[in-house]
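# Descriptive analysis of the structure
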Amino acid sequence: MTLGNSPLRPRPSRRFCARPACCGCLRPSGTCCARPSRQPPSPGYDYARFYISDLGVPEHAEFQGRMLESSLPAVMNAGFIGTGLFFLLGAILVISWLGLRGPGIAFLILAAVHTAGIVFVGLVPGSPTNARLGWITIHALGAVAAIGAGNAAAIVSRWALAPAGLSRRTLWVGPVLGFAGFVSAVLLSLHAGLPDGVWERGAVYAFLLWQLLAGLMLLRAASSPAPR
């Protein structure tokens, strides 16, 4: 495989996989971002201080200084789970379309880890009850896996998606956003400067933005005529 000025093109006979694969990349970000914006997620929800997953807590109680009273916790948790499953499906279809090679395998592994993590975030909310039962560790590990593997997948996409014929400048969007996500995650772990909710959103939204842009770029690549 050549990574550079002359990237390999997927064979035309396999191009039928491209559109559903790209839609798999596009759909999760819409699921996760659009749902909470239709109505106020909770009367006292503060986007700067509260965590994203607070919207998935079904209990109305104070927890770690935050008053949790989400109006649609089941919808939010379904969005988390759907996000992970659609991303994994999209990753499988894209790599199948481009061909299973070294970077593609790494990309699929990271996609699977991300999916497992975000599914656990949705299945085990960060609630006071789960904290008392000790299950909040599962939620926390799921969040770490989802954020870490998601941003790592964005970085690895520079090489995994190269056979699609994307330009070098386009391919570097993934590493730039993935690195930005990791920086936000480190600042979140250090509780540096700004409230935790700001850094958490930086870590998550960087990956979601890459996911949306990657889907659009792959759709464009799939629609363009293959070189003869």
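Okay, so let's go over this structure. (Residues numbered from 1 in each chain as written. Predicted model: local features only at pLDDT ≥ 70, side-chain atom pairs only at ≥ 80, totals over all residues. Heavy atoms only, no water.)

## Side note on the environment of Leu 194
Locating Leu 194 in the fold gives a position in the loop between α7 (173-190) and α8 (196-223). For the pair Leu 194 and Arg 49, spaced 145 residues apart in the sequence, the C-alpha separation amounts to 8.9 Å. (Helix = DSSP H or I, 4+ residues; strand = E, 2+ residues; numbered from the N terminus.)

## Topic: empty space enclosed by the protein
If you walk through the whole model with that rule in mind, you get four cavities of 30 Å³ or more. Quantified by volume, the second largest cavity comes out at close to 50 Å³. Mapped onto the lining of the second largest cavity, the elements with two or more residues apiece are α2 (73-98), α3 (102-123) and α5 (136-160). Looking at the lining of the second largest cavity residue by residue, the classes come out as seven nonpolar, two polar and one charged. (1 Å grid on protein atoms, 1.4 Å probe; cavity = no way out; pocket = protein on both sides within 12 Å on 5 of 7 lines; lining within 4 Å. Points joined across faces, edges and corners; volume = space filled by probe spheres on them. Nonpolar A, V, L, I, M, F, W, Y, C, P; charged D, E, K, R; others polar.)

## A few points about the packing of α5 against α7
As a packed pair, α5 and α7 sit with axes 7 Å apart at the nearest point and diverge in direction by 155 degrees. On the basis of the axis angle, α5 is roughly antiparallel to α7. Pair α5 / α7 crosses with left-handed handedness. Contact residues: α5 offers Ile 147, Gly 148, Asn 151, Ala 152, Ala 154, Ile 155, Ser 157 and Arg 158, while α7 offers Gly 174, Pro 175, Leu 177, Gly 178, Phe 179, Gly 181, Phe 182 and Ala 185. A breakdown of the residues in the contact of α5 with α7 according to their chemical character gives nine nonpolar, six polar and one charged. (Axes fitted to C-alpha atoms, helices over the stretch in contact; angles between N-to-C directions. Parallel < 35°, antiparallel > 145°, perpendicular 65-115°, else oblique. Left-handed = near helix turned anticlockwise from the far one by under 90°. Contact = heavy atoms within 4.5 Å.)

## What about the pattern of salt bridges?
If you walk through the whole model with that rule in mind, you get two salt bridges. Close ionic contact of Asp 46 with Arg 49 constitutes a salt bridge, the shortest N to O distance being 3.4 Å. (Salt bridge = Lys/Arg side-chain N within 4 Å of Asp/Glu carboxyl O.)

## Points about α5
End to end, α5 covers 34 Å across 25 residues, agreeing with the expected 36 Å (1.5 Å per residue, within 8%). Considering bend angle alone, the principal kink of α5 is centred on Ala 154 and spans about 30 degrees. (Expected span 1.5 Å × (residues − 1). Bend = angle between axes of the 7 residues up to and from the residue.)

## Observations regarding the layout of surface pockets
In this model, the largest pocket occupies a volume close to 740 Å³. Lining of the largest pocket is provided by 35 residues; of these, Ala 143, Val 144, Ile 147, Leu 188 and Glu 200 occupy positions nearest its centre. Sorting elements by how many residues they give to the lining of the largest pocket places α5 first, with 10 residues.

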